[in-house]
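Analysis of the macromolecular model
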Amino acid sequence: MATWNTTITNKGLALLTKQVAGSTLTFTKIVSGSGSVPIVNLKEQTAVSNIKQTLANEGIIVDGNQYTITVILSNTSVTTAYNLLQIGIYATDPDDGEILFAISQIDTPRQIPTNSNSPGFSLEFAFTFANEAGTDVEIIPTLAGYATREELDNMIELGTDIEE
């Protein structure tokens, strides 16, 4: 079974120390990559290795002092198959601009097929972080072409047809 190693990067930790009570931690994008680094070097990463695609997010759920970011990897725009090895979450730093906040790397690559070879292929990931400073968190949506679970549940409950 494959193992994911996930960490907040050094720049991500520095960003957390800059956050003061009442400020908002803003996540900007989530990407996948096909490169890798030794696990001991993950914290030092400043970018995902060999970025392949931008992933869709379903938003953030805040529960007490934890927040969970749910991410969807879809092959809708994948024209060349690739081996998924990393997923990176980017955030806005008030001094440095966009930074790699957290990174996750799998020990065994996961093949992402092309849309023509496997239509409708998708994977869902959930990343949970502690929010000990009580900082508000938000994520910039990238849901083009997707419906949230809440929207789908509402459509099903109302008996609404789902059309493209």
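For the structure itself, consult the block above.
Below you will find a few notes about this structure.

Conventions used here
- Residues numbered from 1 in each chain as written.
- Predicted model: local features only at pLDDT ≥ 70, side-chain atom pairs only at ≥ 80, totals over all residues.
- Heavy atoms only, no water.
- Helix = DSSP H or I, 4+ residues; strand = E, 2+ residues; numbered from the N terminus.
- Contact = heavy atoms within 4.5 Å.
- Phe/Tyr/Trp six-rings, centres within 6.5 Å; stacked < 30°, edge-to-face > 60°.
- Buried < 20%, exposed > 50% of the residue type's maximum accessible area, 1.4 Å probe, protein only.

1. Describing the environment of N83
Mapped onto the secondary structure, N83 falls in strand 6 (residues 82-93). In this structure, the C-alpha to C-alpha distance between N83 and G35, residues 48 residues apart in sequence, is 8.5 Å. Each residue touching N83, except ones within four places of it in the same chain, is listed here: G33, S34, P109, R110 and Q111.

2. Looking at the packing of aromatic side chains
As enumerated under the stated definition, the model contains six aromatic pairs in all. Ring plane angle 75° and centroid distance 5.5 Å describe the contact between W4 and F125, whose orientation is recorded as edge-to-face. Separated by 121 residues along the polypeptide, W4 in strand 1 (residues 4-8) and F125 in strand 8 (residues 122-130) bring together distant segments of the chain. Residues F27 and Y67 carry aromatic rings whose centres are separated by 5.9 Å and whose planes lie at 40° to one another, so their mutual orientation is tilted. With F27 in strand 2 (residues 24-33) and Y67 in strand 5 (residues 66-74), the pair connects residues that are 40 residues apart, well separated along the chain.

3. Some words on the side chain of D93
The topology assignment puts D93 in strand 6. We classify D93 as buried; its relative accessible area is 3%. Not counting chain neighbours up to four residues away, the residues in contact with D93 comprise L15, K18 and I99.

4. A short note on unusual backbone geometry
Phi at N50 takes a positive value of approximately 55°, unusual for a residue other than glycine. Looking at the element boundaries, N50 is found in the loop between strand 2 and strand 3 (51-54). Using a relative accessible area of 44% as the deciding quantity, one classes N50 as partly exposed.

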